[in-house]
Amino acid sequence: MKYTVAVRELTEFTAKQGDLDLRFTPSPSAQEGIAGHAVVTARRAAGYQTEVSLSGDYRHLTVRGRADGYDPTRNRLEEIKTFRGDLERMPANHRHLHWAQVKMYGWLMCDKLGLEEMRLALVYFDIASQKETVIEETHSATALKQYFEEQCGRFLAWAEQELAHRNASNQALTALRFPHASFRPGQRQLAEAVYRATATGCCLMAEAPTGIGKTIGTLFPLLKACPGQELDKVFYLAAKTSGRGLALDALSLIRKSEPALPLRVLELIARDKACEYPDKACHGESCPLAKGFYDRLPQARSAALVHGAMGKEALRTVALEHQVCPYYLSQELARWSDVVVGDYNYYFDTSAMLYGLTTANQWRVGVLVDEAHNLIDRSRKMYTAELDQTEIHFLRQSAPAALKKSLDRLNRAWNALHRDQEEAYRVYPEIPLKFTTAMQQVIADITDFMAENPTHVDSKLQRFYFDALQFSRLAETFDMHSLFDITLKADSRRADSMLCIRNIIPAPFLGPRFEAARSVTLFSATLSPWHFYCDTLGLPENTVCVDVESPFRAEQLSVRVIGKVSTRYQHREESLSPIADLMARQYEAKPGNYLAFFSSFDYLQKVLELFKVRYPQITAWEQSRRMEETEREQFLARFTPVSQGIGFAVLGGPFAEGIDLPGERLVGAFIATLGLPQLNPVNEQIKERMGAAFGAGYDYTYLFPGIQKVVQAAGRVIRTQQDRGVVYLIDDRFGRPNVRRLLPAWWKVES
Ligand code: SF4
């Protein structure tokens, strides 16, 4: 069996040495890199060949790649690298790596054309000045062959180990049995759907109720499908840390099966959570874990892979044992792991690492998206950029002289944007070119400044820089999927404004990410209606939707609609008394633990105040604004099998989904809201855009997201097949057929 590796991947493995050094940044963006390559190759004479595909074998290794350019008249092979700033500052290990790449291509080219020798050139193209610096060397074919074989030889032992690992894990996966004695009701249906979707190479949306074991019910079939579908990796993506924890637990159970499964599992942690020296910068002169990082990486990598299960703590231990940065070690291990567990952003964000590696290495991947109802909101945030004009004023005061001119120009262009705006909020059909040009100039100037002054640390400048980059990137792809809006700042003396490129429909951004995977499974207890999620997220046409049968029986949950009450804003005052009385009646009839959900803290407060006055004998707990994690834990800890009381909470908040209070820990919920997003100018614009795109503005903006939250909150009550409980849906609109249709089929709703 052959092991195929790209030149880039191989050289990064064998020729990277020295310190981790992120100072020679900011590097050019991908678009700037592509444009820079195009400029260089356009300058070359006729007959110049670009993107030359090359491939060669060494024992059972196949090495392939594309050389940037070859000039046959000069017999010169070129590797083009775009950069910013002072080339002299480029760390030696970067240059070393570039030579390694071009020498590898050099031999493959000599071999292809039967040449005796070849000129090799590193062409450094300065994005700012558009000037080229060429460093050239001539090598004999014999020397290049020797270099090629040396590098391959160093990689071969690793490749052999990788092949052996793949064979062993494939064998173990083929023999793998479900880790529990039997499937729970609904779990087999879910598992079969995941397996089939992977086998046929399509995406799957699975609405599956809580309690059927979705984590193992999706991971197990996808792993079983790996050998047959020749999947390279499985990505398990979660919206929250708790979701990652459940996946790691399930994988730990699966790894323990008989015979033991040699599966490499990696948890990806955000940089700020993994960093050991938050007060230092990521280069060898500042951080001890960056110094000599690449020299110690091979041992750390091998130790981690022997360990197999790389959760946060295990990763930290291995990293510190080998004195390398845990965060950057985890980035490296993503290449060699079988299952990677991480946040959504690692695959769906603008510069998502897992998506980037998948396309660069042409991996076949299976992706699982846990609690996928969160993906719309999370993706919107990923593709939204906001800028505050007040930041510019701060920067102008403290910025180095080199930046003042372009910041002033940007500020003038900014003022021109909202000069005629009288209303507080307005949406504009386009982002004026004059503004984006001024923005790009600021970015270019800051980039050059940072490249030339790598030790100058100004966190405000850096933050603005990254915000501006994101804004500028999104401005390039601005279209009907997003709004460009300006909000005048009421509190500003200077009539400043906030600019926002606000993503509404993430589909165009996510579509390529779904396409890049063999299969993506989105699962959640609330994914209805399908078309809302498929349209907004951009799932492929052939996506399969499965409604997994609920293991719960209608008699477990009494769902009662209180149609005499309206929770609309204008009826709030009249609703307080009936809601408080209803809660007390239910509590007196069946004392126990309840949660009551409201649309806002304001509403919550009003009902709570009245409730405490009228029913002081009933214990009431209250969710407060901006609760810290420990406070949230304390709130939930009050719900014990023997406690009794009512927790007042806000719908859409941390207690309305993702919490597990089985049995007597929660026997009922009162939901005094339809969950509709607030009526405001932004949401009205979203409605308009959704209406234009899908012909259902109100439903896509208000109704579907609202009811999804209601069903999530109600889902806290029944967690197991033994649970019994009651849910009150308090609002006359819960009686409407278009709302009823969105409630789970297994509920028996009484009016
Ligand atoms: S430990 Fe922190 S400062 Fe050091 S390299 Fe890692 S992320 Fe950077």
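Quick caveat, the model's predicted, so the values are computed rather than measured.

**Re the overall build of the protein chain**
From N to C terminus, the protein chain includes 26 helices and 25 strands. The C-alpha radius of gyration of the protein chain comes to 29 Å, within 12% of the 27 Å expected for a compact globule of 751 residues. Overall, the C-alpha framework of the protein chain stretches about 90 × 70 × 45 Å when taken along its three principal axes. Out of the 751 residues in the protein chain, the part that is buried amounts to 55%. Pairs at least 24 apart in sequence give 78% of the contacts found in the protein chain among residues at least 6 apart. Approximately 33000 Å² of the protein chain is accessible, and the part contributed by carbon and sulfur atoms is 49%. The averaged location of the 90 negative side-chain charges in the protein chain is 2 Å from the averaged location of its 90 positive side-chain charges.

**Describing a positive patch on the surface**
Together, Lys405, Arg409, Arg412, Arg419 and Lys434 line one region of the surface with positive charge. Broken down by element, the residue count for the positive patch peaks at three residues, all from helix H16 (residues 401-418). With respect to the secondary-structure elements, Lys434 resides in helix H17 (residues 433-452).

**Observations regarding the environment of Pro578**
Along the chain, Pro578 falls in helix H21 (residues 572-589). Sequence spacing of Pro578 and Ile562 is 16 residues, and the spatial spacing of their C-alpha atoms is 9.8 Å.

**Some remarks on the pattern of salt bridges**
Evaluation of the coordinates by the stated rule reveals 36 salt bridges. The shortest N-O distance in the salt bridge between Arg316 and Glu276 comes to 2.5 Å. In this pair, Arg316 sits in helix H10 (residues 312-321) while Glu276 sits in the loop between helix H8 (271-274) and helix H9 (293-307), placing the two residues 40 residues apart along the sequence. The network of salt bridges with common partners includes Arg43, Arg44, Arg76, Glu78, Arg119, Glu132 and Glu136.

**Brief notes about empty space enclosed by the protein**
Unoccupied space between atoms shows up once a probe the size of one water molecule is rolled over them. This structure, assessed with the given rule, holds two cavities of 30 Å³ or more. For the largest cavity, the calculated volume is near 120 Å³. As for the largest cavity, its lining consists of 14 residues, of which Arg271, Cys275, Cys282, Cys287 and Cys325 are closest to the centre. The computed volume of the second largest cavity comes to approximately 100 Å³. Around the second largest cavity sit 13 residues that line it, and Leu173, Cys226, Leu231, Asp232 and Asp338 are the ones nearest its centre. Put simply, the parts of the chain that give the lining of the second largest cavity at least two residues each are helix H4 (141-175), helix H6 (214-229) and strand E8 (233-238). For the lining of the second largest cavity, the leading source of residues is H4, giving four residues.

**Details of helix H25 (residues 697-714)**
Between its terminal C-alpha atoms H25 stretches 26 Å, which fits the 26 Å expected from 18 residues at 1.5 Å a residue. Of all the bends in H25, the greatest, near 35°, is centred on Leu703, and the proline Pro705 appears no more than four residues after it. Most of H25 sits inside the fold, with 15 of its 18 residues counted as buried.

**Let's talk about the site of the ligand**
The immediate surroundings of the ligand are formed by Leu20, Arg271, Cys275, Glu276, Tyr277, Lys280, Cys282, Cys287 and Cys325. Here the residues of the shell around the ligand sort into six nonpolar, no polar and three charged.

**Things to note about the packing of aromatic side chains**
Applying the stated criterion to the full structure yields 37 aromatic pairs. Aromatic ring contacts, followed pair by pair, group Tyr3, Phe13, Phe155, Trp158 and Trp336 into a single cluster. Across from the ring centre of Tyr48, 6.0 Å away, lies the NZ or CZ of Arg44, which sits over that ring. The residue whose ring lies beneath Lys103 is Tyr147, and the NZ or CZ to ring-centre distance is 4.7 Å.

**Considering the sheet that holds strand E16 (residues 497-503)**
The strand order across the open sheet built from four strands is E13-E16-E15-E14, with neighbouring strands paired in antiparallel fashion. Each end of this open sheet is capped by a strand with a single partner; those strands are strand E13 (385-388) and strand E14 (425-428). Averaged over all adjacent pairs, the angle separating strand axes in this sheet is 20°, with direction ignored. Relative to E16, strand E15 (residues 482-488) runs antiparallel, the two sharing seven bridges. When the sheet's bridge partners are listed, Phe484 is paired in E16 with Ile501. Together, E14, E15 and E16 form the strand contacts of helix H24 (residues 681-694), whose direction differs from that of E14 by roughly 25°.

**Re the sheet that holds strand E12 (residues 365-369)**
Taken together, the eight strands give an open sheet; going across it, the order is E10-E9-E11-E8-E12-E17-E7-E18, and neighbouring strands pair in parallel fashion. Each having just a single partner strand, strand E10 (309-310) and strand E18 (544-547) make up the two edges of the open sheet. Pairing between E12 and strand E17 (residues 519-524): four bridges, direction parallel. Within E17, the position partnered with Leu368 by the bridge is Thr521. Contacting strand E7 (204-207), E12, E17 and E18, helix H5 (residues 187-200) crosses the sheet at an angle of about 175° to E7.

**So, the pairing of E7**
On E7, burial covers both faces: Leu204 and Ala206 on one face and Met205 and Glu207 on the other are all buried. Bridge count for E7 against E18 is four bridges, and the pairing is parallel. Its bridge partner lying in E18, Ala206 is registered against Val546.

**Description of the environment of Leu522**
With respect to the helices, strands and loops of the structure, Leu522 is situated in strand E17. With 149 residues separating them along the chain, Leu522 and His373 place their C-alpha atoms 8.4 Å apart. Apart from the residues lying within four places of it in its own chain, the contact partners of Leu522 are Leu204, Met205, Ala206, Val369, Ala372, Leu375, Phe514, Leu527, Leu537 and Leu539.

**Description of helix H18 (residues 459-476)**
With 18 residues, H18 ought to run about 26 Å at 1.5 Å a step, and its terminal C-alpha atoms sit 26 Å apart, in line with that. Every buried residue of H18 is listed here: Leu461, Phe464, Tyr465, Ala468, Leu469, Gln470, Phe471, Ser472, Leu474 and Ala475.

Calculation criteria
- Residues numbered from 1 in each chain as written.
- Predicted model: local features only at pLDDT ≥ 70, side-chain atom pairs only at ≥ 80, totals over all residues.
- Heavy atoms only, no water.
- Helix = DSSP H or I, 4+ residues; strand = E, 2+ residues; numbered from the N terminus.
- Rg over C-alpha atoms; globule rule 2.2 N^0.38 Å.
- Buried < 20%, exposed > 50% of the residue type's maximum accessible area, 1.4 Å probe, protein only.
- Contact = heavy atoms within 4.5 Å.
- Areas by Shrake-Rupley, 256 points an atom, 1.4 Å probe, with all protein chains shown as cover.
- Lys, Arg positive; Asp, Glu negative; His and termini not counted.
- Charge placed at Lys NZ, Arg CZ, Asp CG, Glu CD.
- Patch = residues over 30% accessible without salt bridge, like charges linked within 9 Å, V, L, I, M, F, W, Y side chains within 5 Å.
- Salt bridge = Lys/Arg side-chain N within 4 Å of Asp/Glu carboxyl O.
- 1 Å grid on protein atoms, 1.4 Å probe; cavity = no way out; pocket = protein on both sides within 12 Å on 5 of 7 lines; lining within 4 Å.
- Points joined across faces, edges and corners; volume = space filled by probe spheres on them.
- Expected span 1.5 Å × (residues − 1).
- Bend = angle between axes of the 7 residues up to and from the residue.
- Near = heavy atom within 4 Å.
- Nonpolar A, V, L, I, M, F, W, Y, C, P; charged D, E, K, R; others polar.
- Phe/Tyr/Trp six-rings, centres within 6.5 Å; stacked < 30°, edge-to-face > 60°.
- Lys NZ or Arg CZ within 6 Å of the ring centre and 35° of its normal.
- Pairing = 2+ DSSP bridges.
- Axes fitted to C-alpha atoms, helices over the stretch in contact; angles between N-to-C directions.

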